[in-house]
Amino acid sequence: NAGVTQTPKFRVLKTGQSMTLLCAQDMNHEYMYWYRQDPGMGLRLIHYSVGEGTTAKGEVPDGYNVSRLKKQNFLLGLESAAPSQTSVYFCASSYSKNRGHSNQPQHFGDGTRLSIL
Amino acid sequence: SQQGEEDPQALSIQEGENATMNCSYKTSINNLQWYRQNSGRGLVHLILIRSNEREKHSGRLRVTLDTSKKSSSLLITASRAADTASYFCAKGTQGGSEKLVFGKGMKLTVNP
């Protein structure tokens, strides 16, 4: 049972390049999330999804797009990378509130370390 | 804005001592969760306490919640070097958004 898997683990981009970060979960979770973690800032929510085919904006969505074409995958795209997007990106997933109480515990991947020059 | 702020921001103790971390928040919650993050890894869920609960235990972990003061504390008893990590509290918000709001985290160092 792999849990939440993020690819790639590391990447260096030049300003203006594009890339897609992939998150895959094998726990049949309905909800998935993308966060960024910066020194002194904690985790900030970029986008999230409450089900296949649905996405919603989080706290810091600008410059990012997401897609949830399959229940197990959640993709984060950077169309034109900027140095301010240098960060560690974490994906997480959780069961929906329909399986119990609201705000279920989230399961995290080990992150993608992204540097933009 | 972020809610769920940990205090202190950093704590260094000796193995065997207890470590207490505090978390404050501003608005009503469904639950409050604590996570651990080892260096270079993702966050790992430790314990969840619901708004109608006052105390919860899990192994060497004890969490309390005081909704009147809008605060929670995480106590790690008999700490070990392996407890060295960053600890985050996360607020489960009301209103059905299913989002967690994480604090900035607290670095715990347990010296052998």
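Residues numbered from 1 in each chain as written. Chains lettered and ligands numbered in written order. Predicted model: local features only at pLDDT ≥ 70, side-chain atom pairs only at ≥ 80, totals over all residues. Heavy atoms only, no water.

Caption draft 1: Just the overall build of chain A, in detail. On a plain count of helices and strands, chain A comes out with 0 helices and 11 strands. Written out in order from the N terminus, the α and β elements of chain A read β-β-β-β-β-β-β-β-β-β-β. Here the C-alpha radius of gyration of chain A, 14 Å, is about what a compact globule of 117 residues would show, namely 13 Å. Looking at chain A as a whole, 49% of its 117 residues are labelled buried. In the form shown here, chain A has an accessible surface area of approximately 5,500 Å², with 52% of it arising from carbon and sulfur atoms. For chain A, the centre of its 12 positive side-chain charges and the centre of its 8 negative side-chain charges are spaced 3 Å apart. (Helix = DSSP H or I, 4+ residues; strand = E, 2+ residues; numbered from the N terminus. Rg over C-alpha atoms; globule rule 2.2 N^0.38 Å. Buried < 20%, exposed > 50% of the residue type's maximum accessible area, 1.4 Å probe, protein only. Areas by Shrake-Rupley, 256 points an atom, 1.4 Å probe, with all protein chains shown as cover. Lys, Arg positive; Asp, Glu negative; His and termini not counted. Charge placed at Lys NZ, Arg CZ, Asp CG, Glu CD.)

Caption draft 2: Region of the structure containing unusual backbone geometry. All names here are of chain A. The omega angle of the peptide bond from Thr 7 to Pro 8 is -10°, so this bond is cis rather than trans. Mapped onto the fold, Pro 8 is located in the loop between strand E1 (4–7) and strand E2 (10–13). Even without glycine at this site, Asn 28 takes up a positive phi of about 60°. Position of Asn 28 among the secondary structure elements: in the loop between strand E3 (19–25) and strand E4 (31–38).

Caption draft 3: Inspection of the sheet that holds strand E8 (residues 73–78) of chain A at higher detail. Residue and element names in this part refer to chain A. Strand order across the open sheet formed by 4 strands is E1-E3-E8-E7, with antiparallel pairing between neighbours. On the outer flanks of this sheet lie E1 and strand E7 (64–67), each paired with one strand and no other. Each strand of the sheet is rotated relative to its neighbour by a mean of 20°, with strand direction disregarded. (Pairing = 2+ DSSP bridges. Axes fitted to C-alpha atoms, helices over the stretch in contact; angles between N-to-C directions.)

Caption draft 4: Geometry of the nonpolar core. Counting 22 residues, the largest nonpolar core has Met 21, Leu 32, Trp 34, Leu 74, Ile 76, Tyr 87 and Leu 108 of chain B as its most contacted members. Secondary structure elements with two or more residues in this core: strand E3 (19–24), strand E4 (29–37), strand E5 (43–50), strand E7 (61–66), strand E8 (71–76), strand E9 (85–93) and strand E11 (106–111) of chain B. Once you skip the residues sitting within four places of it in the chain, Met 21 of chain B turns out to touch Asp 7, Trp 34, Ser 72, Ser 73, Leu 74, Ile 76, Tyr 87, Met 106 and Leu 108 of chain B. Grouped together as the second largest cluster of nonpolar side chains are 20 residues, Cys 23, Ile 46, Val 60 and Leu 76 of chain A included. (Core = buried A, V, L, I, M, F, W, Y, C linked by side-chain atoms within 4.5 Å. Contact = heavy atoms within 4.5 Å.)

Caption draft 5: Here's a closer look at the state of the cysteines. All names here are of chain A. For the coordinates displayed, the defined rule picks out 2 disulfides over all chains. The disulfide that involves Cys 23 links it to Cys 91, with 1.9 Å between the sulfurs. Residues Cys 23 and Cys 91 are joined by a disulfide whose S-S torsion is about -75°; by sign, that bridge is left-handed. Here Cys 23, found in strand E3, pairs with Cys 91, found in strand E9 (residues 87–94); they are 68 residues apart in sequence, far enough to count as distant. By relative accessible area, which is 0% here, Cys 23 ends up buried. (Disulfide = S-S within 2.5 Å.)

Caption draft 6: Just the environment of Leu 46 of chain B, in detail. Residue and element names in this part refer to chain B. Topologically, Leu 46 is positioned in strand E5. Among the residues examined, Leu 46 registers a relative accessible area of 18% and is labelled buried. Residues Leu 46 and Ala 19, 27 residues apart in the sequence, show an inter-C-alpha distance of 15 Å. Ignoring any residue separated from it by four or fewer positions in sequence, one finds Leu 46 in contact with Trp 34, Tyr 35, Arg 36, Leu 61, Leu 74 and Tyr 87.

Caption draft 7: The arrangement of the pattern of salt bridges in detail. By the definition in use, this model includes 5 salt bridges over all chains. As a salt-bridge pair, Arg 41 of chain B and Asp 110 of chain A come within 3.0 Å of each other at their nearest N and O atoms. Within this pair, whereas Arg 41 of chain B is found in the loop between E4 and E5, its partner Asp 110 of chain A is found in the loop between strand E10 (107–108) and strand E11 (112–116), the two belonging to separate chains. Residue Arg 60 of chain B pairs with Asp 83 of chain B through a salt bridge whose shortest N-O separation is 2.9 Å. Taken together, the positions of Arg 60 of chain B in the loop between strand E6 (55–58) and E7 and Asp 83 of chain B in the loop between E8 and E9 put the pair 23 residues apart, joining distant regions of the chain. For Arg 60 of chain B, a relative accessible area of 23% puts it in the partly exposed group. (Salt bridge = Lys/Arg side-chain N within 4 Å of Asp/Glu carboxyl O.)

Caption draft 8: Summary view of the packing of aromatic side chains. All names here are of chain A. The tally for this structure, following the rule as stated, stands at 8 aromatic pairs over all chains. Between Tyr 33 and Tyr 48, the ring centres sit 6.3 Å apart and the planes meet at 20°, which makes this aromatic pair stacked. Taken together, the positions of Tyr 33 in strand E4 and Tyr 48 in strand E5 (residues 42–51) put the pair 15 residues apart, joining distant regions of the chain. Like Tyr 48, Tyr 33 is buried. (Phe/Tyr/Trp six-rings, centres within 6.5 Å; stacked < 30°, edge-to-face > 60°.)

Caption draft 9: Structural view of the interface of chain A and chain B. Of the residues lining the interface, 24 residues belong to chain A; the matching set on chain B comes to 25 residues. Summed over both sides, the interface of chain A with chain B buries roughly 2,000 Å², with 48% coming from carbon and sulfur. Our count for the chain A to chain B interface comes out at 1 salt bridge. Between the two partners, chain A and chain B, sit 9 residue pairs in polar contact (both at pLDDT 80 or more). (Buried area = accessible area lost by both parts, 1.4 Å probe. Polar contact = N/O pair within 3.5 Å; in protein donor to acceptor, adjacent residues only side chain to side chain.)

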